[in-house]
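Fold and geometry: a report
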Amino acid sequence: MEAFPDTKVLLTVRDPHRWYKSMKNTLLRLYRYSRTFPTNLIPDFDPRWDPMWFEDVRGRSGPDWGAMGSVIEGEEQAVKFFNEWNEEVRNFVPKERLLVFDVREGWEPLCKFLDLPIPDQPFPNVNDANQMEKFIKSYRRKAWAFAIGVPTLIAGIAYTSWKLLKR
């Protein structure tokens, strides 16, 4: 806050139990998939899945692991972490530079806080459970397609080359 004295901080809040459920069913699943075959191959070929992101999230959870670790430890620890984090932000950021924001409130409080006009379009909701589920399935399909497709392609090229050279 000292380095950027004019900074405004947005603290998004929600029901901590719903946050836990959402984290457990989305980011925790992605995190676990990112560490197992074949989805562990995807970060090497899809820049959206930088493994350092998962390490960064993991590095801030639980007693020593941040949000992701608290979710791994279970609902009670996750809710405790969530509430303590929100309280820490509220205590650290000066009130005049902090907006405690629930996305259900829409554009008005956000735009007022940022001194911006309210857009002529609905407030976005792009991080819903159905979209995340589709993304997770797509992520896993890509991984399996890659894990099966690349070796099959290499074998096909090798076999064809062998057949052509054998003539």
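What this report covers is the structure whose coordinates are included nearby. The shown structure was predicted, so the numbers you read here are calculated from the model rather than taken from an experiment.

The next thing to look at is the environment of Glu76. Along the polypeptide, Glu76 turns up in helix α5 (residues 75–92). Residues Glu76 and His17, spaced 59 residues apart in sequence, show a C-alpha to C-alpha distance of 8.8 Å.

Our next topic: the packing of aromatic side chains. For the coordinates displayed, the defined rule picks out five aromatic pairs. Relative to Trp144, the ring of Phe37 has its centre 5.9 Å away and its plane inclined at 85 degrees; by these criteria the two rings are edge-to-face. Residue Phe37 is located in the loop between α2 (27–33) and α3 (51–58), and its partner Trp144 is located in helix α7 (residues 129–166); the two are separated by 107 residues in the primary sequence. An angle of 75 degrees between the planes, with centres 4.8 Å apart, marks the rings of Trp107 and Phe123 as edge-to-face. A residue pair is termed long-range when its members are at least 10 positions apart, and Trp107 in helix α6 (residues 107–114) and Phe123 in the loop between α6 and α7 qualify at 16 residues.

This part is about the pairing of strand β1 (residues 9–12). Every second residue of β1 is oriented toward a common face, the buried set being Val9 and Leu11 and the non-buried set Leu10 and Thr12. In this structure, β1 lies alongside strand β3 (residues 98–101), joined through four bridges in parallel fashion. In the sheet register, Thr12 faces β3, and the bridge partner there is Phe101.

About the thresholds
Residues numbered from 1 in each chain as written. Predicted model: local features only at pLDDT ≥ 70, side-chain atom pairs only at ≥ 80, totals over all residues. Heavy atoms only, no water. Helix = DSSP H or I, 4+ residues; strand = E, 2+ residues; numbered from the N terminus. Phe/Tyr/Trp six-rings, centres within 6.5 Å; stacked < 30°, edge-to-face > 60°. Buried < 20%, exposed > 50% of the residue type's maximum accessible area, 1.4 Å probe, protein only. Pairing = 2+ DSSP bridges.

Everything listed here is a matter of geometry and, on its own, says nothing about what the molecule does.
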